[in-house]
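As a plain string of letters, each chain reads:
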Amino acid sequence: MNTFDVEWLDAWSPEEGSARAAALFEVTFGQAPAGVWSAPGRGNLIGEHTDYNGGLVLPFALPHRTYAAMTARTDGRVRLVSAQEDGEIREIALADVAPGAVDGWIAYVVGVAWALAQEGLTLGGFDVAITSCVPYGAGLSSSAALEGSVAMGLDALYGLGLAGDDAGRQRLVAACIRAENDIAGAPTGGMDQAAALRTQAGNALLLDCRSLEVRQIPFDLSADGLALLVIDTRAEHQLVDGQYAARRTTCEAAATALGVGTLREVTDVDAALATLGEPETVAALVAAGQDVQVASRRVRHVVTEIARVQEVERLLDAGRTAEVGPLLTAAHTSLRDDYEVSCHELDVAVDSAIAAGALGGRMIGGGFGGSAIALVRAEDVEQVAGEVAAAFSSEGLTPPAFLVAVASAPAS
Ligand code: GLA
């Protein structure tokens, strides 16, 4: 029984999204666009805060997408409009794009053009109209969806020839990451951009963030009578604030203190934690401005999380999908207690989903707000959502919103 009215975040059909972007373009710039390109938001089954540690992640594409209607320009200028912003036209010369020079959402757009040009590719200005049904600030990577849609548009408009195969898409991913790191100023790790561009419909993407190799893993939960519920807690998260960067810095300092390139190289977590307690390592960490206890907890999360990704991979390969649930819950505990990136809303979402019968659940994305996922039996979707909404209400929290995640198509 549904215990509470809940809000569902529906995805637009690709036709509707394209039509909306084209209409915004026409109304803004007075002519039809050359084309519309789109890229999905990202879900992530498991592997959180492992990407920038050279680890493993298992994301997939959401049906919710960002649409970019675009036309090339010959004067090196970029004009931008977004339905999700104030509808005003922004304008900038590509030549003026540089680290530190651009603020706000347009950085994610012009940053992609800048990064592709830095790679030596020849491209010029463009007009672009953006619209999106990827929930904003929900930890579902609306930013990578925006970058991915623009990257696809530039690839087509300027004949870059990269979107047609995985090797080319990997180069588009690299440009999107540079846009986000260097122009938008968010030191994110690359999982989201790979999810937007390198996934395949019906599959989750096992991405090795050290080798950048990928493996498509069939991910059709409905065939197993299961569903993945995404709970947008409506507690807005931000990656450009200091908390995300601080986690990354601590991991890098811990890797240096342990004498490894990245935490991926740590295989024995107990031995690593013992090493972190030795006087020399303690001194190195303190000199790097790090608290040893905190660094130890961060390391424990990263190393155990990479092992959980491998365990989930094994279970999916063996068709034992329902058994993934407890690993999701273990990941949440680790993210909450060792990595300290959860928040009250995320904990309420996970705890109430499990109390309502979910097989497991965890926060996803960077954390400090955003969304949680819960693995549920297909017939329990409505009931679990209702009970989570009821729990939010009794805690006096803003009502959450929900979607059922189906592994969808990559950028196109
Ligand atoms: C954000 C970042 C990703 C990744 C996750 C945490 O989504 O953009 O690169 O680090 O957080 O797993």
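Residues numbered from 1 in each chain as written. Predicted model: local features only at pLDDT ≥ 70, side-chain atom pairs only at ≥ 80, totals over all residues. Heavy atoms only, no water.

**Considerations on the domain arrangement of the protein chain**
Test applied: An automatic or database domain assignment supplies the residue ranges for each domain. By definition in these notes, contact holds between two residues if any of their heavy atoms fall within 4.5 Å. As a working definition, buried area equals the accessible area (1.4 Å probe) given up by two parts on being put together, with both sides summed. We count a salt bridge whenever a side-chain nitrogen from Lys or Arg sits within 4 Å of a carboxyl oxygen from Asp or Glu.
Taken as a whole, the protein chain is organised into domain 1 (7–218) and domain 2 (221–405). Between domain 1 and domain 2, the C-alpha centre-to-centre distance is 25 Å. Listed per partner, the contact involves 41 residues of domain 1 and 53 residues of domain 2. Summed over the three residues of domain 1 that lose the most area to domain 2, namely Trp-8, Ile-46 and His-49, the buried surface amounts to 18% of that side. One can count five salt bridges joining domain 1 with domain 2.

**Overview of the side chain of Ser-342**
So the rule is basically this: Every helix listed is a DSSP run of H or I at least four residues long, and every strand listed is a run of E at least two residues long, numbered separately from the N terminus. For the purposes of these results, a polar contact is taken to be a pair of N or O atoms within 3.5 Å, where, inside protein, one atom must be able to donate a hydrogen and its partner to accept one; residues adjacent in sequence count only when each atom of the pair is a side-chain atom.
For Ser-342, the position within the fold is in the loop between α10 (325–337) and α11 (344–355). Of note is the side chain of Ser-342, whose polar atom sits 2.7 Å from the side chain of Asp-347. Among residues more than four places away in sequence, those in contact with Ser-342 are His-332, Leu-335, Arg-336, Asp-347, Met-363 and Phe-368.

**Things to note about helix α9 (residues 292–317)**
Note the threshold: One fewer than the residue count of a helix, multiplied by 1.5 Å, yields its expected span.
Taking 1.5 Å as the rise per residue, α9 with 26 residues should run 38 Å; its terminal C-alpha atoms sit 38 Å apart, in good agreement. The first or second residue beyond α9 is Gly-319, which carries a positive phi of 70°.

**Considering the sheet that holds strand β1 (residues 7–8)**
To keep it simple, the criterion reads: For two strands to pair, DSSP has to find at least two bridges joining them. Between N-to-C directions, angles cover 0 to 180 degrees, with each direction set by a line fitted to C-alpha atoms, over the stretch in contact for helices.
Spatial strand order, β1-β13-β10-β12-β11: five strands in an open sheet with mixed pairing. Two strands bound the open sheet, and with one partner strand each, they are β1 and β11 (360–363). For strand β10 (residues 226–232) and strand β12 (residues 371–377), the ladder comprises seven bridges, and the chain directions are antiparallel. Paired with Ile-231 across the two strands is Ala-372, which belongs to β12. The sheet strands contacting α10 are β11 and β12, and the helix crosses β11 at an angle near 30°. Here helix α12 (residues 381–394) sits on the sheet and contacts β1, β10, β12 and β13 (401–405); the angle it forms with β10, its principal contact strand, is near 25°.

**Thoughts on unusual backbone geometry**
Selection criterion: Between buried and exposed lies partly exposed: a residue is buried under 20% and exposed over 50% of the maximum accessible area for its type, with that area taken using a 1.4 Å probe on protein chains only.
In the Ramachandran plot, His-49 falls in the positive-phi region, its phi being about 60° despite a non-glycine side chain. By the secondary structure assignment, His-49 is in the loop between β2 (35–44) and β3 (56–57). Overall, the relative accessible area of 4% leaves His-49 in the buried class. At Arg-234, a residue that is not glycine, the phi angle is positive and equals roughly 70°. Relative to the assigned elements, Arg-234 resides in the loop between β10 and α6 (242–258).

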